[in-house]
Amino acid sequence: MKIAGTQYSLEKKAQALELKKAGRTVEQFKYKDRIVSEVTDEVWSSLKRKGVTVNKDALKDTIQGLFPGVRRHGPLK
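About the cut-offs
- Residues numbered from 1 in each chain as written.
- Predicted model: local features only at pLDDT ≥ 70, side-chain atom pairs only at ≥ 80, totals over all residues.
- Heavy atoms only, no water.
- Helix = DSSP H or I, 4+ residues; strand = E, 2+ residues; numbered from the N terminus.
- Buried < 20%, exposed > 50% of the residue type's maximum accessible area, 1.4 Å probe, protein only.
- Pairing = 2+ DSSP bridges.
- Polar contact = N/O pair within 3.5 Å; in protein donor to acceptor, adjacent residues only side chain to side chain.
- Contact = heavy atoms within 4.5 Å.

**Observations regarding unusual backbone geometry**
Here is step 1: The backbone of Ala22 shows a phi angle near 55°, a positive value even though the residue is not glycine.
Here is step 2: With respect to the element layout, Ala22 can be found in the loop between β2 (16–21) and β3 (24–30).
Here is step 3: Phi is positive for Asp33, close to 60°, though the residue is something other than glycine.
Here is step 4: Structurally, the position occupied by Asp33 is in the loop between β3 and α1 (36–49).
Here is step 5: Judged by relative accessible area, Asp33 falls into the exposed class, the value being 68%.

Take a look at the structure:
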């Protein structure tokens, strides 16, 4: 799923979310038994280190879109 306003996208794999740029995996983030806000903070920090400015709430919505039916403060599966 494309991250709005950036050249990056997120893809859900079995054990981790993959941050991709131009089809290449740049970084992976484990999500098992973590909540949406923890994963969002980690991805947002990584993008910030790369010099990408993105709205944290929009990023959280993007991540929630990858996990249909997940509660806002519930664990990711």
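**As for the pairing of β3**
Here is step 1: Two strands pair when backbone bridges link them, and β2 and β3 are joined in this way by 6 bridges, in the antiparallel orientation. Across the sheet, Leu19 pairs through a bridge with Glu27, a residue of β3.
Here is step 2: Between β2 and β3, which pair antiparallel and follow one another directly, the connecting turn spans 2 residues, one of which, Ala22, has a positive phi of 55°.

**Some points on the side chain of Glu18**
Here is step 1: Examined against the element boundaries, Glu18 turns out to sit in strand β2.
Here is step 2: Note on Glu18: relative accessible area 10%, which makes it buried.
Here is step 3: A polar side-chain atom of Glu18 sits 3.3 Å from a polar atom in the side chain of Thr25.
Here is step 4: Apart from the residues within four sequence positions on either side, Glu18 is in contact with Ser9, Leu10, Glu11, Lys13, Thr25, Glu27 and Gln28.

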